[in-house]
Amino acid sequence: MADRAWAPPEEWPDLGAHEVHVWRLPLDLDAERLGALWPLLSLDEQLRARGSRTALLGGRFVVARGQLRQLLGRYLRQPPQSVRFRYGERGKPGIAHEEGIPLQFSLSHAGRWALVAVSRGIRVGVDLEVVRPRRDLRRAADLILSPAEAAGFARLPPEEQLQAFYRVWVRKEALVKGLGCGLAIPVRRLELCAHGGLARVRLRGAPDTAWAAGWAVHDLPPIPGYAGALAAESLTLSLRTWQFSSGKVLLAGSDSAGRCRGGRRRI
């Protein structure tokens, strides 16, 4: 089911006004394809890649940013290397000098995969994490979960707590990325009321919480060994998931359970 959810499209998908596209990008490419992506990066990106702690991390950074540029270039109908980024005061990236309805995007990479969310005019954030055993699981949960969430977490059987922790973690990280607020909002004050794979947002103990009512967080189709989530400033959207290949520029939607034909899921 998960493989079908991340299927490559037969042709390039149109991005509607009420849609969010989420692409899964492989990061461990061979040297030839890695070399083909290097020239697409800006000088700043190339310097960041060279400054990575290991060659593996540097290569994955190049692949993530190169494929991000390929994706955005397709939506913008311009060469990947001509895409220019701007950054908000807290580091949230956007596309510089864009006319019309702005193309919104969010990138997250972990391990050998990356996720890119793209929309037109809808603010989005995406997060992906490798699910690893943690000795400090209870302490980490206390730092991230609200009191109500922590109480529910404590009632879970021990064998379910790790997955539950990561599920909440990626939801909150995706929301923080979408808001572009960095650490301005303590994540323990963010409370996510989940119903199935959709979570609504509440902000505890703040004078102005009206913004939270317009956001929702969605669990993404599973990737074995990972947890992923999408946050979007929309309560009614069509979510489509795809697999990207830098070797092909035409890349389909998922047709898994809970989705309609063409890879659409109406939320």
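As the structure is a computational prediction, the values presented were derived from the model and not from experiment.

What follows is about the environment of threonine 54. Looking at the element boundaries, threonine 54 is found in the loop between helix H3 (43-50) and helix H4 (55-76). Within the local environment of threonine 54, its side chain forms a polar contact with the backbone nitrogen of leucine 57, the two atoms lying 3.1 Å apart.

Attention now goes to the confidence of the model for the protein chain. Reading predicted coordinates in detail is not appropriate for stretches of low pLDDT. On average, residues of the protein chain score 85 in pLDDT, and 85% of them reach the 70 mark or higher. The low-confidence segment residues 249-267 (pLDDT under 50) makes 70 contacts with residues lying over four places distant or belonging to another chain.

Tallying each qualifying case throughout the model produces 8 aromatic pairs. Seen in terms of ring centroids, tryptophan 12 and tryptophan 23 are 5.1 Å apart; in terms of plane orientation they differ by 15 degrees. Their pairing is stacked. Of the two residues, tryptophan 12 sits in the loop between helix H1 (2-5) and strand E1 (19-26) while tryptophan 23 sits in strand E1, which places them 11 residues apart along the sequence. Here the two residues tryptophan 12 and tryptophan 23 agree in accessibility, since each one is buried. An angle of 50 degrees between the planes, with centres 5.7 Å apart, marks the rings of phenylalanine 85 and phenylalanine 105 as tilted. Of this pair, phenylalanine 85 sits in strand E2 (residues 85-87) while phenylalanine 105 sits in strand E4 (residues 103-110), placing them 20 residues apart in sequence.

Counting residues in hydrophobic clusters, the biggest one holds 30 residues, and the most contacted among them are Trp23, Leu72 and Leu103. Broken down by secondary-structure element, the contributors of at least two residues to this core are E1, H4, E4 and strand E5 (113-120). Counting residues per element, this core draws most heavily on H4, which supplies 9 residues. Counting residues in each nonpolar core, the second largest holds 29 residues, with Ala174, Val176, Leu203 and Ala229 among its members.

Reading guide: rules and limits
All residue numbers here refer to positions counted from 1 along the written sequence of the relevant chain. Only residues with pLDDT of 70 or above have their local features reported here, since the model is predicted, and side-chain atom pairs are shown and tallied only from 80 upward, although totals for entire chains, interfaces and linings are computed over all residues. With hydrogens and water stripped out, all remaining heavy atoms of the structure feed into the side-chain values. Helix numbering and strand numbering both begin at the N terminus, where a helix is a DSSP run of H or I of at least 4 residues and a strand a DSSP run of E of at least 2. Two N or O atoms count as a polar contact when they lie within 3.5 Å, although within protein this holds only if one can serve as hydrogen donor and the other as acceptor, and sequence-adjacent residues are included solely when both atoms are side-chain atoms. The pLDDT score gives, residue by residue, the confidence of the prediction method on a 0 to 100 scale. Any two residues having at least one pair of non-hydrogen atoms within 4.5 Å are treated as being in contact. Each Phe, Tyr or Trp ring, with Trp reduced to its six-membered ring, pairs with another whose centre is within 6.5 Å; inter-plane angles below 30 degrees give stacked pairs, above 60 give edge-to-face pairs, and intermediate values give tilted ones. Whether a residue is buried, partly exposed or exposed follows from its accessible area with a 1.4 Å probe, protein chains only, as a fraction of its type maximum: under 20%, in between, or over 50%, in that order. Here, nonpolar core refers to any group of buried Ala, Val, Leu, Ile, Met, Phe, Trp, Tyr and Cys residues whose side-chain atoms link them within 4.5 Å.

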